[in-house]
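Summary of structural features
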Amino acid sequence: MFIVGLIFFVGLIPPSTAKAQQGPTNLLVNGDFEYWDWTIAAWPWQDGIPEVQVCPGWRAFYVDRAPAKASMPNYWRRPEFRDSKQTLYPERVHGGYFAAKYFSFAGQHEAGFYQQVSGITPGTRLRFYAFMQTWSCMPGKEAWNICPAGTKSNNPAPMHTKIGIDPTGGVDPWSPDIVWSPELDAYDAWTYFQVEAVAVNSTVTVFTYSWADWQDGVFRINNDVYVDDAFLYVLDESTPTPAPTATRDPSLPTFTPAPTSTPRLTPTPRPDGSIVHVVQAGDTLWAIARQYNVPVEILLQLNGLEDPNKIWVGQELVISVPTPTATPLPATPLPTAVPPTPTAVLPTPTAIPPTPTAFLPTPTFSPTPTAIAVRLSDTATPAATPKTPKNALPLGLIGVIGLLFGGGIGFVVGRTRHH
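Cut-offs and rules
- Residues numbered from 1 in each chain as written.
- Predicted model: local features only at pLDDT ≥ 70, side-chain atom pairs only at ≥ 80, totals over all residues.
- Heavy atoms only, no water.
- Phe/Tyr/Trp six-rings, centres within 6.5 Å; stacked < 30°, edge-to-face > 60°.
- Helix = DSSP H or I, 4+ residues; strand = E, 2+ residues; numbered from the N terminus.
- Buried < 20%, exposed > 50% of the residue type's maximum accessible area, 1.4 Å probe, protein only.
- Contact = heavy atoms within 4.5 Å.
- Salt bridge = Lys/Arg side-chain N within 4 Å of Asp/Glu carboxyl O.

Evaluation of the coordinates by the stated rule reveals 26 aromatic pairs. Summarising the aromatic geometry, the rings of Trp58 and Phe113 are spaced 6.5 Å apart at their centres and angled 70° between planes, so their arrangement reads as edge-to-face. Here the residue Trp58 occupies a position in the loop between strand E2 (49-53) and strand E3 (59-62), and Phe113 occupies one in strand E6 (residues 110-117), the gap between them amounting to 55 residues. One exposure class covers both Trp58 and Phe113, and it is buried. An angle of 65° between the planes, with centres 5.5 Å apart, marks the rings of Trp214 and Phe219 as edge-to-face. Across the pair, Phe219 and Trp214 agree in class, each one buried. Pairwise contacts between aromatic rings join Phe33, Trp58, Tyr62, Phe81, Tyr102 and Phe113 into one cluster.

In structure tokens form, the structure reads like this:
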């Protein structure tokens with residue numbers, strides 16, 4: 001009986017560690033992307049397209065044809081949408097067992113997710129946050145379809161990742177009504193995105209967005225986007241009224257007081273500007289996050305925590321860190337003006353003699369005899385030039401001989417007649 005009573009008595013003592021308490025309500029359906037149906041192999045097809053598998057509650061949007069801003073329109077793709085499993089790629093899941101992913105292998109894309117949320121009171125201020133990670137890789141020289149850095153980015157292209165809220169509840173990702181977060185690089189690391197807006201209608205829409213922008217005209221083989229742990233909640237959601245604390249009888253033994261939800265004042269920042277909260281009995285990470293109006297995910301990141309339910313009394317939690325301020329540099333005296341060094345000016349000659357040009361005498365050649373065209377038959381062989389016989393007498397000599405011969409004959413005939 002003594003042992004049973006001791007166990008019962010010990011059971012009455014509240015634990016020193018905090019129990020999980022209900023935090024802000026996530027207004028999203030499957031904001032953690034943990035949906036799984038054992039009757040199907042994967043998430044359902046959107047619009048009957050096998051390549052577009054989307055977690056229920058969400059809807060994918062994408063641009064099928066290359067817009068005018070595409071630097072390489074021939075490499076534009078509609079991305080494929082799938083789930084990412086922690087058992088296969090643990091670095092691609094932020095929390096739980098699943099994350100959403102989409103990718104355009106060897107192509108640019110412009111795409112994202114959206115979800116409409118109804119039942120919002122107009123004028124309500126909302127905060128939407130989500131975690132995103134990207135993988136953009138230029139292939140190496142060895143192979144066009146392999147990332148030389150493995151699962152890490154290599155010469156990544158801008159992905160223009162951001163999230164937004166349309167307070168009017170529209171579903172046009174390019175509507176001017178959307179309030180967007182800043183664009184952040186999320187290469188190879190889960191990056192926290194956050195945006196706030198005031199609801200205009202009773203329905204609002206949240207968006208995630210990315211654009212694989214090959215602005216330098218360089219081909220990328222991997223253009224992947226991962227989304228996980230999205231959360232939409234009312235920013236000024238009222239905190240539950242704490243339960244009254246009973247006044248204890250001083251005559252009774254002192255026990256560890258029961259956890260209370262008494263609000264605490266914001267601690268004074270430390271000399272370096274950081275704010276640190278010392279965990280008290282009854283604290284939970286959700287309650288601390290609400291007290292300082294800081295998302296639980298930020299507290300997990302700042303303090304290196306993995307489980308939001310594991311904190312202990314006396315633990316110092318960093319709530320915020322100071323924003324580094326640029327220290328103004330002392331004014332640097334202006335240097336004394338040094339007179340310019342005189343430059344020697346050479347007198348410009350009135351006339352610059354032309355550069356002599358070497359003229360070489362043109363060699364004199366004998367004129368080439370003019371060819372006389374002779375019409376020959378196609379098969380005629382040119383006749384040999386006739387040669388003068390070596391014994392032929394000149395014509396003049398023949399004439400003299402003839403005169404002498406004729407004179408001699410005449411002399412003989414005349415003399416005969418005379419005789």
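After that view, the rundown keeps rolling.
This part covers helix H3 (residues 296-303). Within the sequence span of H3, burial applies to Val296, Glu297, Ile298, Leu299 and Leu300. The inward-facing, buried residues of H3 contact strand E7 (125-137), strand E10 (191-198), helix H2 (285-292) and strand E14 (316-320). Of the residues flanking the end of H3, it is Gly304, one or two places downstream, whose phi is positive at about 65°.

Using the criterion set out here, one finds seven salt bridges in the structure. One salt bridge connects Arg125 with Glu196, and the closest N-O pair in it is separated by 3.3 Å. A residue pair is termed long-range when its members are at least 10 positions apart, and Arg125 in strand E7 and Glu196 in strand E10 qualify at 71 residues. Residue classification places Arg125 among the partly exposed positions, given a relative accessible area of 34%. Here Glu196 makes a salt bridge to Arg127, at a shortest N to O gap of 2.6 Å.

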